[in-house]
Amino acid sequence: MKKKKTELQILQDDLNTMNDQGILKNPSESLLQSLDERIKNTLRRVYNTLTNKNSLLLTKRLKSAYNRHFNDLVSTHKGLKQYTLETLNPKLLDIYKNRVNSNLLIIKSQNEENMTKLQHKFLGWINLQSTGGSKETLKQATKLIPNKRLKFLIKDQSNKLTSAMDETIADYYGWIALQWKTRNDNRVVGKPGGLYPKANKKSETHGDHWSRKDKFYYKADLKEDIKKKLNLSKFAGDTNFSDGMPGKPIGCRCYAVFYYEIEDLPKELVK
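First, a word on what this report is: a plain description of the structure on this page. Nothing here was measured: the structure is a model prediction, and the numbers come from that model.

A word on the nonpolar core. Membership of the largest hydrophobic core comes to 32 residues, with the highest contact counts inside it found for Leu-92, Ile-169 and Phe-258. At 8 residues, helix α7 (residues 149–173) tops the list of elements feeding residues into this core. Those residues within four positions of Phe-258 in sequence are excluded, and the remaining contacts are Thr-76, His-77, Lys-78, Asp-166, Ala-170, Trp-175, Ala-177, Leu-178 and Met-245.

So, in structure tokens, the structure goes:
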């Protein structure tokens, strides 16, 4: 069965036919306006469909990340019980909804930008044909511009969603320290022999996270009465990270295990 042509392919075929018939040589102003309007409307429908598809994918992935992390919260919050965490359901759900809505706007904006670029490519090709210019085929000149940032955006925002959930819980219940956790693979920035072995430890965007792997850090604004009970020299430092908490830096896949009670910390960290 012959595959049905897309609206974009039909537009390309019609423009190619007009060019072969010489219609695009010295086109009238009214013809150019008509073609411009048709290109705009066609691309608008094509990109509206694409935006809806991208939006569904984003929502699905973030919902999956939310559900998966919600089920694992006990493992990243030492000393807290599942029934305790459930009291924060409304807040965590709001974080998820806000994250989805803000990223839907990003996707829409990116697709609008790509649509405008593609529209200019169509009009550029028509203008070149009218002056006997480039012999580049219309199909080559007007390939659908992929949203290359979408895949990264979804992964990055999934991590930022879970990071925001963790921080909300940690702040609500009064955490005192955290252990920095990485995905322990070759993508961790700073890992010798990995994909990104060099990292600026003082970077404000993404520091050396391999060097923080499994280390303990006490809360930067920890109360003095709790500090006195801790062996601070055994910690890697406080949580004033130059590039932000785990999961916050661009592309960061790290996460934190939060501690709330002194007795739950390793013995060497306690006086």
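Having put the structure on the table, let's press on.
Running from N to C, helix α2 (residues 29–71) and α7 cross one another at 35 degrees; their axes reach a closest spacing of 9 Å. At the point where α2 passes α7, the crossing takes the right-handed sense. Contacts between α2 and α7 involve Asn-54, Leu-57, Leu-58, Arg-61, Leu-62, Ala-65, Tyr-66, His-69 and Phe-70 from the first element and Leu-150, Ile-154, Gln-157, Ser-158, Leu-161, Thr-162, Met-165 and Asp-166 from the second. Grouping the amino acids of the contact of α2 with α7 by side-chain chemistry returns 10 nonpolar, 5 polar and 2 charged.

Our focus in this paragraph is the pairing of strand β5 (residues 255–259). Burial analysis of β5 places 4 of its 5 residues in the buried class, which makes it a mostly covered element. Note: strand β1 (residues 77–78) against β5, 2 bridges, orientation parallel. Counted as the bridge partner of Lys-78 is Tyr-259 from β5. Where strand β2 (residues 177–181) and β5 come together, 5 bridges link them in antiparallel fashion. Counted as the bridge partner of Lys-181 is Tyr-255 from β5.

Let us now look at the sheet that holds β1. The strand order across the open sheet built from 5 strands is β1-β5-β2-β3-β4, with neighbouring strands paired in mixed fashion. Both outer strands of the open sheet, β1 and β4 (237–238), are each paired with one neighbouring strand and no more.

A cluster of like positive charges, contributed by Lys-60, Arg-61, Lys-151, Lys-155 and Arg-187, occupies part of the molecular surface. Listing elements by their share of the positive patch, those giving two or more residues are α2 and α7. Along the chain, the position of Lys-60 falls in helix α2. On the basis of relative accessible area, Lys-60 is assigned to the exposed category, the value being 63%.

Turning next to the environment of Asn-240. Counting through the fold element by element, Asn-240 comes out in the loop between β4 and β5. In this structure the C-alpha to C-alpha distance between Asn-240 and Lys-219, which are 21 residues apart in sequence, comes to 8.2 Å.

Evaluated as defined, the whole model comprises 15 salt bridges. Where Lys-213 meets Asp-214, a salt bridge forms, and the shortest distance between an N and an O atom there is 3.3 Å. Given a relative accessible area of 26%, Lys-213 falls into the partly exposed group. Residues Lys-227 and Glu-224 are paired through a salt bridge, measuring 3.8 Å at the closest nitrogen-oxygen approach. Placement of both Lys-227 and Glu-224 in helix α8 (residues 224–227) is noted, with a separation of 3 residues, approximately one turn of the helix. Bridged by salt links that share partners, the residues Glu-113, Lys-117 and Arg-149 form one connected network.

Let's shift gears to the packing of helix α1 (residues 7–20) against helix α5 (residues 89–130). At a closest axis distance of 11 Å, the pairing of α1 and α5 adopts a crossing angle of 10 degrees. As judged from the angle between their axes, α1 and α5 are roughly parallel. Residues Leu-8, Leu-11, Gln-12, Leu-15, Asn-16 and Asn-19 of α1 pack against Phe-122, Trp-125, Ile-126 and Gln-129 of α5. Partitioning the contact of α1 with α5 into residue classes produces 6 nonpolar, 4 polar and no charged.

Before going further, it helps to spend a moment on the packing of aromatic side chains. One pass over the structure, following the stated rule, counts 8 aromatic pairs. Arranged with centres 5.4 Å apart and planes meeting at 40 degrees, the rings of Tyr-66 and Tyr-96 form a pair that is tilted. Note that Tyr-66 is positioned in helix α2 and Tyr-96 in helix α5, a separation of 30 residues in sequence. Classification of Tyr-66 as buried rests on a relative accessible area of 7%. Residue Tyr-96 is classed as buried on the basis of its relative accessible area of 9%. Ring centres of Trp-175 and Phe-258 lie 5.2 Å apart, and the angle between their planes is 80 degrees; this geometry places the pair in the edge-to-face category. Here Trp-175, found in the loop between α7 and β2, pairs with Phe-258, found in strand β5; they are 83 residues apart in sequence, far enough to count as distant. Ring pairs connect the aromatic residues Tyr-66, Phe-70 and Tyr-96, which therefore count as one cluster. Lying over the aromatic face of Tyr-96, Lys-63 brings its terminal NZ or CZ to 5.1 Å of the ring centre.

Rules used throughout
Residues numbered from 1 in each chain as written. Predicted model: local features only at pLDDT ≥ 70, side-chain atom pairs only at ≥ 80, totals over all residues. Heavy atoms only, no water. Core = buried A, V, L, I, M, F, W, Y, C linked by side-chain atoms within 4.5 Å. Buried < 20%, exposed > 50% of the residue type's maximum accessible area, 1.4 Å probe, protein only. Helix = DSSP H or I, 4+ residues; strand = E, 2+ residues; numbered from the N terminus. Contact = heavy atoms within 4.5 Å. Axes fitted to C-alpha atoms, helices over the stretch in contact; angles between N-to-C directions. Left-handed = near helix turned anticlockwise from the far one by under 90°. Nonpolar A, V, L, I, M, F, W, Y, C, P; charged D, E, K, R; others polar. Pairing = 2+ DSSP bridges. Patch = residues over 30% accessible without salt bridge, like charges linked within 9 Å, V, L, I, M, F, W, Y side chains within 5 Å. Areas by Shrake-Rupley, 256 points an atom, 1.4 Å probe, with all protein chains shown as cover. Salt bridge = Lys/Arg side-chain N within 4 Å of Asp/Glu carboxyl O. Lys, Arg positive; Asp, Glu negative; His and termini not counted. Charge placed at Lys NZ, Arg CZ, Asp CG, Glu CD. Parallel < 35°, antiparallel > 145°, perpendicular 65-115°, else oblique. Phe/Tyr/Trp six-rings, centres within 6.5 Å; stacked < 30°, edge-to-face > 60°. Lys NZ or Arg CZ within 6 Å of the ring centre and 35° of its normal.

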